[in-house]
Structures are given as structure tokens and as C-alpha cells.
Amino acid sequence: MKIVMIHGQNHKGSTYHIGRMLTDRLGGEVTEFFLPRDFHEVCTGCNTCFTQSETKCPHYAALSPITQAIDAADVIILTSPVYVYHVTGAMKAFLDHYGYRWMIHRPNPAMFHKQAVCISTAAGGGTRSTNRDMADSMFFWGVGKTYRYGALVRALCWADVPQTRRQKLEADMDRLARKIRRAQGRIMPTPKTRGYFTLFRFLQKKGLTAPDTVYWEGNGWLEKKRPWR
């Protein structure tokens, strides 16, 4: 199993440690990135990825190592502490660069068979909205199955997390790892994903941007082919 884990912060706090709990239980090959250390650019809104090609993005080369790791992975893990009820700015800036990969544009067919995990932590509240920030991108990338895990650690640093709460986190990661291992190799998109794909296929038939049309035609999706079969 190949795993890519992308952290929405540079420091190794509670969110990082929970993510590592999960990867330790999954085993396999783990590739890890920290934001903004490994990618710090902010999308300029130039729309070049939509109207021409993602390779024309001014940040394409800097982002390529993470993109390649995502494409090679069986499981994508995104982690972010809660910052004002949402993901960190670094995580948001990172996800902004993949708008061209949303289903309505040019999704990678491999995504429909992958699993993803969104992990967030907070001393108080906000994990639900933070996980939603990350899960929205996973859904619209076409990821077959996405899990969300929010932890109220009630501490500002990992060293202050009570042992009883750590034990619960470990038990939760045991269960989540078992779910992921059982599903590995058997992932198919949900009816909701297929429904959105059908809607976007209808829109693509009407013609959106030229790169999108060429991409959908090249994959045979405007005819009978589908990315999950």
C-alpha cells in the first residue's frame, strides 16, 4: 500500500501525531509533505490551468512532486489543525491549485479507486468544518471513499494531551486502519459521485473550455466509457 500524507502545517503537533498513528497501523510506503515548507505558493487566479493547461501554471514545477505522489498513492491523508474553524491557509492554498482536477474539468481517472482520510484537531470546536474543507476537494477530485476524523484534543500541544485521550485516539486509528485495509482494492465511486459525474458529462457535451472537451473526448467519457470501469 502506498500512502501520501500532506500536513497543513510545518510543526509536528497533535494533528501530525494522529496522522502518524494511522500510517503506522496501515503500514506500507509513506511519502510525507509539510505545508508550507514543501509548497508555499498562493494561487494567483490566472485561470491558465482551466483555459490552457495545468502545465502553464506558474507553480506547476514546485507542485509536481506532491502531484506525482498523490497519483501514485492508494491512500491520500490530509491533516490540518483548526484555524478559525477552517483549514490552515497553507492547506487551502495547496488545494486551490487543483481546481482543474475537479470532476467538472479534468479529473484523474485513478482517483475513483483511491481512498482518502481527512484529519483535523482542535483544542475546542471546528473540526467538522475543517474536515469539510478538505473532503470537498476529495469528493470533487473523484476519490472513491473519504473518511473524516476530527479530534477534540483539548490541548494546545501534543505533550499536553491527556493519556486517556491518547488511548482513545489510538483505538480510533486501529478501527479506521482496519476499515481502510478491508476496502483496499475494492473501492468504487458512490452513487452521489456517479450522479455528479453524469451531470458534468452532460455539461461537457455542451462544451466548456477546449482543454476540458479534449480531455473528456480523449478518455471516451462523452461516449460509454467511465473512469471507474
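For the structure itself, consult the block above.
Residues numbered from 1 in each chain as written. Predicted model: local features only at pLDDT ≥ 70, side-chain atom pairs only at ≥ 80, totals over all residues. Heavy atoms only, no water.

(A) Seen up close, helix 8 (residues 210-219). The complete set of buried residues in helix 8 reads P211, D212, T213 and W216. Tucked inside the fold, the buried residues of helix 8 contact helix 2 (48-51) and helix 7 (191-206). Looking at the residues trailing helix 8, positive phi occurs at G220, about 75°. (Buried < 20%, exposed > 50% of the residue type's maximum accessible area, 1.4 Å probe, protein only. Helix = DSSP H or I, 4+ residues; strand = E, 2+ residues; numbered from the N terminus. Contact = heavy atoms within 4.5 Å.)

(B) Region of the structure containing the sheet that holds strand 5 (residues 145-152). Pairing is parallel across the open sheet formed by 5 strands, whose spatial order is 2-1-3-4-5. Among the strands making up the open sheet, the edge pair consists of strand 2 (29-34) and strand 5. Between one strand axis and the next, the sheet turns through 15° on average, direction left out of account. Direction of pairing for strand 1 (residues 2-7) relative to strand 3 (residues 75-81): parallel, over a ladder of 5 bridges. When the sheet's bridge partners are listed, I3 is paired in strand 3 with V75. Docked against the sheet, helix 1 (residues 14-26) engages strand 1, strand 2, strand 3, strand 4 (115-122) and strand 5, running at close to 145° with respect to strand 4. Along the sheet, helix 3 (residues 60-72) contacts strand 1, strand 2 and strand 3; its crossing angle with strand 1, the most-contacted strand, is approximately 140°. (Pairing = 2+ DSSP bridges. Axes fitted to C-alpha atoms, helices over the stretch in contact; angles between N-to-C directions.)

(C) Quick look at the pattern of salt bridges. A complete count under the given rule lists 10 salt bridges for this structure. With its nearest N and O atoms 2.8 Å apart, the salt bridge here joins K168 to D172. Of the two residues, K168 and D172 both sit in helix 6 (residues 163-183), 4 residues apart, roughly one turn of that helix. For D172, a relative accessible area of 10% puts it in the buried group. Put simply, R20, D24 and E32 are held in one network by salt bridges that share partners. (Salt bridge = Lys/Arg side-chain N within 4 Å of Asp/Glu carboxyl O.)

(D) Spatial organisation of a nonpolar patch on the surface. A cluster of nonpolar side chains, contributed by Y196, L199 and F202, occupies part of the molecular surface with about 280 Å² of accessible area. On the basis of relative accessible area, Y196 is assigned to the partly exposed category, the value being 31%. (Patch = residues over 30% accessible without salt bridge, like charges linked within 9 Å, V, L, I, M, F, W, Y side chains within 5 Å. Areas by Shrake-Rupley, 256 points an atom, 1.4 Å probe, with all protein chains shown as cover.)

(E) Structural context of a positive patch on the surface. The grouping of K145, R178, K179, R181, R182 and R186 at the surface amounts to a positive patch. With 4 residues, the top contributor of residues to the positive patch is helix 6. With respect to the helices and strands, K179 occurs in helix 6. (Lys, Arg positive; Asp, Glu negative; His and termini not counted. Charge placed at Lys NZ, Arg CZ, Asp CG, Glu CD.)

(F) Representation of the side chain of R101 within the structure. Structurally, R101 can be placed in the loop between helix 4 (89-96) and strand 4. Engagement of the side chain of R101 in a polar contact is seen with the side chain of Y100, the distance being 3.5 Å. (Polar contact = N/O pair within 3.5 Å; in protein donor to acceptor, adjacent residues only side chain to side chain.)

(G) Representation of the packing of aromatic side chains in the model. Under the criterion given, the structure shown has 16 aromatic pairs. Geometrically, the ring pair formed by F94 and Y98 is edge-to-face, given 5.3 Å between the ring centres and 75° between the ring planes. Here Y98 falls in the buried class, since its relative accessible area comes to 1%. Among the aromatic residues, those joined into a cluster by ring pairs are F112, F197, Y215, W216, W221 and W228. The ring of Y147 has K145 sitting right over it, with the charged end atom 5.3 Å from the ring centre. (Phe/Tyr/Trp six-rings, centres within 6.5 Å; stacked < 30°, edge-to-face > 60°. Lys NZ or Arg CZ within 6 Å of the ring centre and 35° of its normal.)

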